[in-house]
Amino acid sequence: MKKYIPLIITALIPLFLLIPVQINVEPSMILAERFWEGAGWIEIFILDIYAVILAYVILFKHKIKKVRTVYWSIFSLVFFTQFILGLLVSEKFLMSGDIHLPVPALIVAAPIYRGGGFFMPILLLSTILIVGPAWCSHLCYIGAWDNIISKRRKPKQVNRRFTLIFRYAIIIFVVALTLTLKLLKVSNLTAFFFALTFGVVGVAVMFLFSFRLGYMFHCTTYCPVGGIVALVSKLYPARIKIAKSTCTLCNVCSTDCKYDALSVTDIKSGKAGWNCTLCGDCLDSCHSSSLYLSFFGSKKNGWNYYIAIIIGLHAVFLALARL
Ligand code: SF4
Ligand code: SF4
Ligand code: SF4
């Protein structure tokens with residue numbers, strides 16, 4: 001019975017978060033309810049069943065690596081399909097009429113530029129509070145692209161010091177640029193083109209670097225939100241660790257890590273590196289079961305409870321995340 005507790009947690013999260021939305025929020029944020037009265041309940045029910053099946057496959061069939069790419073991509077597909085339908089077909093597919101560009105860097109830049117609109121930064125920080133860095137491995141609509149593009153090749157060794165410096169330099173650059181645009185009182189159209197350019201360059205970075213290097217260069221180096229998530233989530237009590245007593249230093253797990261978080265030095269040190277997003281891909285790759293998720297200091301069942309929460313949130317994001 002105990003082994004099914006994570007599945008119960010997964011089932012409860014969408015119910016706990018979506019039922020109050022269905023009952024209290026007007027106009028409805030649940031998409032089906034916007035088209036047919038009462039259909040929001042059916043959508044919540046279907047998403048809940050979907051989440052439980054997904055958690056079951058991950059926890060009982062040990063398929064996180066393959067399954068994560070699929071459900072993360074599904075989320076991105078649903079998100080952008082709603083965005084396109086919202087622009088071309090009906091405003092009902094949008095969260096509100098107030099559209100902004102789907103560029104994660106705007107989570108940082110937009111509130112600075114506008115001097116308000118803190119919904120997304122608060123959502124991001126709340127998510128980090130609940131699931132640590134999993135925003136960047138399960139929940140972001142753009143990260144799913146970098147994940148797919150980097151999958152084609154085995155990860156190459158890179159100069160980590162360079163990527164780390166670049167990662168935090170780009171946050172300073174984005175903040176400084178946004179403040180400059182604000183001080184210069186540029187038009188919204190000009191600011192829009194800067195944001196669009198940043199987003200387009202980001203996609204180019206995926207094809208030019210993530211594809212060639214075989215790891216998520218965009219997310220671990222270019223996107224400023226990734227740097228912030230990595231930094232803030234160090235307060236979250238979950239870490240990927242390696243049991244030194246059983247690890248044979250075979251290095252197989254490092255080829256499964258798309259975040260450059262399992263170098264030889266990391267493995268020897270007994271824990272994943274700075275960039276680890278707790279994606280879990282490496283967990284199934286170790287022949288000696290030396291890798292585990294330490295959650296609140298406990299290695300027993302840590303991963304089961306952690307992924308149960310993430311999959312529940314994934315279902316909630318499927319229902320609510322749209323522009
Ligand atoms: S680094 Fe940026 S683009 Fe990548 S998953 Fe995180 S927020 Fe999304
Ligand atoms: S796959 Fe397992 S044994 Fe091999 S290096 Fe990684 S943790 Fe150690
Ligand atoms: S160390 Fe493991 S859990 Fe962390 S990012 Fe790499 S593959 Fe994912």
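Thresholds applied
- Residues numbered from 1 in each chain as written.
- Chains lettered and ligands numbered in written order.
- Predicted model: local features only at pLDDT ≥ 70, side-chain atom pairs only at ≥ 80, totals over all residues.
- Heavy atoms only, no water.
- Near = heavy atom within 4 Å.
- Nonpolar A, V, L, I, M, F, W, Y, C, P; charged D, E, K, R; others polar.
- Axes fitted to C-alpha atoms, helices over the stretch in contact; angles between N-to-C directions.
- Helix = DSSP H or I, 4+ residues; strand = E, 2+ residues; numbered from the N terminus.
- Parallel < 35°, antiparallel > 145°, perpendicular 65-115°, else oblique.
- Left-handed = near helix turned anticlockwise from the far one by under 90°.
- Contact = heavy atoms within 4.5 Å.
- Phe/Tyr/Trp six-rings, centres within 6.5 Å; stacked < 30°, edge-to-face > 60°.
- Buried < 20%, exposed > 50% of the residue type's maximum accessible area, 1.4 Å probe, protein only.
- 1 Å grid on protein atoms, 1.4 Å probe; cavity = no way out; pocket = protein on both sides within 12 Å on 5 of 7 lines; lining within 4 Å.
- Points joined across faces, edges and corners; volume = space filled by probe spheres on them.
- Lys, Arg positive; Asp, Glu negative; His and termini not counted.
- Salt bridge = Lys/Arg side-chain N within 4 Å of Asp/Glu carboxyl O.
- Polar contact = N/O pair within 3.5 Å; in protein donor to acceptor, adjacent residues only side chain to side chain.
- Core = buried A, V, L, I, M, F, W, Y, C linked by side-chain atoms within 4.5 Å.
- Domains from an automatic or database assignment.
- Patch = residues over 30% accessible without salt bridge, like charges linked within 9 Å, V, L, I, M, F, W, Y side chains within 5 Å.
- Areas by Shrake-Rupley, 256 points an atom, 1.4 Å probe, with all protein chains shown as cover.
- Buried area = accessible area lost by both parts, 1.4 Å probe.

### Examining the site of ligand 2
For step 1, the next point in the chain: Of all residues adjacent to ligand 2, which total 13 residues, the nearest are Cys-247, Cys-250, Asn-251, Cys-253 and Cys-286.
For step 2, the next point in the chain: Among the residues making up the shell around ligand 2, the classes are represented as 8 nonpolar, 5 polar and no charged.

### Here's the deal with the site of ligand 3
For step 1, the next point in the chain: Near ligand 3 you find Ile-240, Cys-257, Tyr-259, Ala-261, Leu-262, Ala-272, Cys-276, Thr-277, Leu-278, Cys-279, Gly-280 and Cys-282, and these make up its full shell.
For step 2, the next point in the chain: Grouping the amino acids of the shell around ligand 3 by side-chain chemistry returns 10 nonpolar, 2 polar and no charged.

### What about the packing of helix α6 (residues 119-131) against helix α12 (residues 224-232)?
For step 1, the next point in the chain: Axis separation between α6 and α12 bottoms out at 10 Å; the angle between their running directions is 40°. If you check the angle between α6 and α12, you find them oblique. When you trace α6 past α12, the crossing you get is right-handed. Residue-level inspection shows Leu-124, Leu-125 and Ile-128 of α6 in contact with α12, the latter providing Val-225, Val-229 and Val-232.
For step 2, the next point in the chain: Considering only residue class, the contact of α6 with α12 consists of 6 nonpolar, no polar and no charged.

### So, the packing of aromatic side chains
For step 1, the next point in the chain: This structure, assessed with the given rule, holds 21 aromatic pairs.
For step 2, the next point in the chain: With 5.2 Å between their ring centres and 75° between their planes, Phe-79 and Phe-80 make a pair best called edge-to-face. No difference in accessibility class separates Phe-79 from Phe-80, as the two residues are buried.
For step 3, the next point in the chain: Ring pairing ties together the aromatic residues Phe-75, Phe-79, Phe-80, Trp-135, Tyr-141, Trp-145 and Phe-317, which thus form one cluster.

### Quick notes on the layout of surface pockets
For step 1, the next point in the chain: In this structure, the second largest pocket encloses a volume near 440 Å³.
For step 2, the next point in the chain: The set of elements that each furnish at least two residues to the lining of the second largest pocket consists of α3 (39-61), β2 (291-295) and α14 (302-320).
For step 3, the next point in the chain: When the residues that make up the lining of the second largest pocket are grouped by side-chain class, the tally is 11 nonpolar, 5 polar and 3 charged.

### Regarding the side chain of Lys-258
For step 1, the next point in the chain: Tracing the sequence through the fold places Lys-258 in the loop between β1 (238-242) and α13 (264-269).
For step 2, the next point in the chain: Here Lys-258 sits buried without a salt bridge, and the closest side chain of opposite charge, Asp-256, lies 7.4 Å off (N-O distance).
For step 3, the next point in the chain: At a separation of 2.9 Å, a polar atom in the side chain of Lys-258 contacts the main-chain carbonyl oxygen of Ser-150.
For step 4, the next point in the chain: At 2.8 Å, the side chain of Lys-258 forms a polar contact with the backbone oxygen of Gly-214.
For step 5, the next point in the chain: Setting aside residues no more than four positions away along its own chain, Lys-258 makes contact with Ser-150, Lys-151, Arg-153, Pro-155, Gly-214, Tyr-215 and Met-216.

### A word on the nonpolar core
For step 1, the next point in the chain: Of all hydrophobic cores here, the largest spans 76 residues; its most connected members are Ile-58, Ile-240, Trp-303, Tyr-306 and Ile-307.
For step 2, the next point in the chain: The element best represented in this core is α14, accounting for 13 residues.
For step 3, the next point in the chain: Counting contributing residues per domain, this core is built from domain 1 (1-95 + 300-323) and domain 2 (100-237), each supplying no fewer than three.
For step 4, the next point in the chain: Dropping the residues within four chain positions of it, Tyr-306 is found in contact with Val-131, Pro-133, Ala-134, Tyr-236, Leu-278, Leu-293 and Phe-295.

### Examining a nonpolar patch on the surface
For step 1, the next point in the chain: Together, Met-1, Tyr-4, Ile-5, Ile-8 and Leu-12 make up an exposed nonpolar region whose accessible area comes to about 490 Å².
For step 2, the next point in the chain: Tracing the backbone through its elements, the reader meets Ile-5 in helix α1 (residues 5-24).
For step 3, the next point in the chain: Residue Ile-5 is classed as partly exposed on the basis of its relative accessible area of 31%.

### Let's talk about the pattern of salt bridges
For step 1, the next point in the chain: One pass over the full model with this rule turns up 5 salt bridges.
For step 2, the next point in the chain: Close ionic contact of Arg-160 with Asp-260 constitutes a salt bridge, the shortest N to O distance being 3.2 Å. Of this pair, Arg-160 sits in helix α9 (residues 160-183) while Asp-260 sits in the loop between β1 and α13, and the two are 100 residues apart along the sequence.
For step 3, the next point in the chain: One salt bridge connects Arg-160 with Asp-266, and the closest N-O pair in it is separated by 2.7 Å. Of this pair, Arg-160 sits in helix α9 while Asp-266 sits in helix α13, and the two are 106 residues apart along the sequence. No difference in accessibility class separates Arg-160 from Asp-266, as the two residues are buried.
For step 4, the next point in the chain: Taken together, the salt bridges that share partners define one network made up of Arg-68, Lys-151 and Asp-281.

### Observations concerning the side chain of Gln-22
For step 1, the next point in the chain: Mapped onto the fold, Gln-22 is located in helix α1.
For step 2, the next point in the chain: By relative accessible area, which is 9% here, Gln-22 ends up buried.
For step 3, the next point in the chain: A polar atom in the side chain of Gln-22 sits 2.9 Å from the side chain of Glu-33.
For step 4, the next point in the chain: Those residues in contact with Gln-22 that lie beyond four places of it in its chain are Ser-28, Ile-30, Glu-33, Gly-40, Trp-41 and Ile-44.

### Brief notes about the domain arrangement of the chain
For step 1, the next point in the chain: Looking at the chain, the domain boundaries give domain 1 (1-95 + 300-323) and domain 2 (100-237).
For step 2, the next point in the chain: For domain 1 versus domain 2, the distance between C-alpha centres works out to 23 Å.
For step 3, the next point in the chain: With 18 residues of domain 1 at the interface, the matching set in domain 2 holds 23 residues.
For step 4, the next point in the chain: When residues of domain 1 are sorted by the area they lose upon contact with domain 2, Trp-72, Tyr-306 and Phe-317 head the list and together hold 33% of the total.
For step 5, the next point in the chain: Scanning the region where domain 1 abuts domain 2 turns up 0 salt bridges.
For step 6, the next point in the chain: Linking domain 1 with domain 2 are 9 residue pairs in polar contact (both at pLDDT 80 or more).
For step 7, the next point in the chain: For the side of domain 1 that touches domain 2, the secondary-structure elements that each account for two or more residues are α4 (64-88) and α14.

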